[in-house]
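Residue-level structural notes
Below, each chain spelled out in residue letters.
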Amino acid sequence: MEKFNNIFDDEFPSSFSDDPKAKKLPPNRIRKHTVTVRLNDFELKQVNDSRNQLSKSCWLRSSALQQLPPTVPEPNKVAWQELTASLQKLNDLTSFLLRRGEDAQPLSQELTALKVKLSHVRDALLKLNE
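These lines cover the structure that appears in this document, whether it is placed above or below. No experiment lies behind these values; they were computed from the predicted model shown. (Residues numbered from 1 in each chain as written. Predicted model: local features only at pLDDT ≥ 70, side-chain atom pairs only at ≥ 80, totals over all residues. Heavy atoms only, no water.)

1. Focus on the pattern of salt bridges
As a reminder, the rule being used: Only one rule defines a salt bridge in this text: a Lys or Arg side-chain nitrogen within 4 Å of an Asp or Glu carboxyl oxygen. Labels follow the DSSP assignment, with helices taken as runs of H or I lasting at least four residues and strands as runs of E lasting at least two, numbered in each case from the N terminus. Classification of residues uses two cut-offs on accessible area relative to the type maximum, computed with a 1.4 Å probe and protein chains only: under 20% is buried, over 50% is exposed, and between them is partly exposed.
This model, assessed by the stated rule, comprises 2 salt bridges. For D49, the salt bridge is made with K45, and the minimal N-O distance between the two is 2.8 Å. Of this pair, D49 and K45 are both found in helix 2 (residues 41-51), 4 residues apart, which corresponds to roughly one turn of the helix. Linking K77 and E74 is a salt bridge whose minimum nitrogen-to-oxygen distance equals 3.5 Å. Owing to a relative accessible area of 35%, K77 belongs among the partly exposed residues under this scheme. Classification of E74 as exposed rests on a relative accessible area of 60%.

Here you go:
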């Protein structure tokens, strides 16, 4: 299963932390270059229609780096949301079973396999338009 959005990772410092070290980006992560893009009215409308709540610059950067979040076709949105909720419940159940110890390990392994299969189904919804 591919990772769709890898803009944010564990190394990215949190802006919610009070730790001054956590707020300082390493030099190779600081954005110091500017790229100017001119768009006609039609192109601007396409960008605005595609970016949802992202800023134009964030959307253009993510698009150029092929790091856009997945776009779920309209007919599949309800199924996508239900599978997401189901996967979250399975994650919660797996965490509970892991805290229970070795007695629950076989069931935990079955849940992990089920989560992988459901993730594949959910990813397939990105490609189905009918």
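Having seen the structure, we can now continue with the description.
2. Side note on helix 2
Let me state the cut-off plainly: Under this definition, polar contacts are N or O atom pairs within 3.5 Å; protein pairs additionally need one hydrogen-donor-capable and one acceptor-capable atom, and for neighbouring residues in sequence, both atoms have to be side-chain atoms.
Here helix 2 starts with a cap whose side-chain oxygen sits 3.1 Å from the backbone nitrogen of F42, and that cap is N40. Taken from the residues just after helix 2, N52 is the one with a positive phi, measuring 50°.

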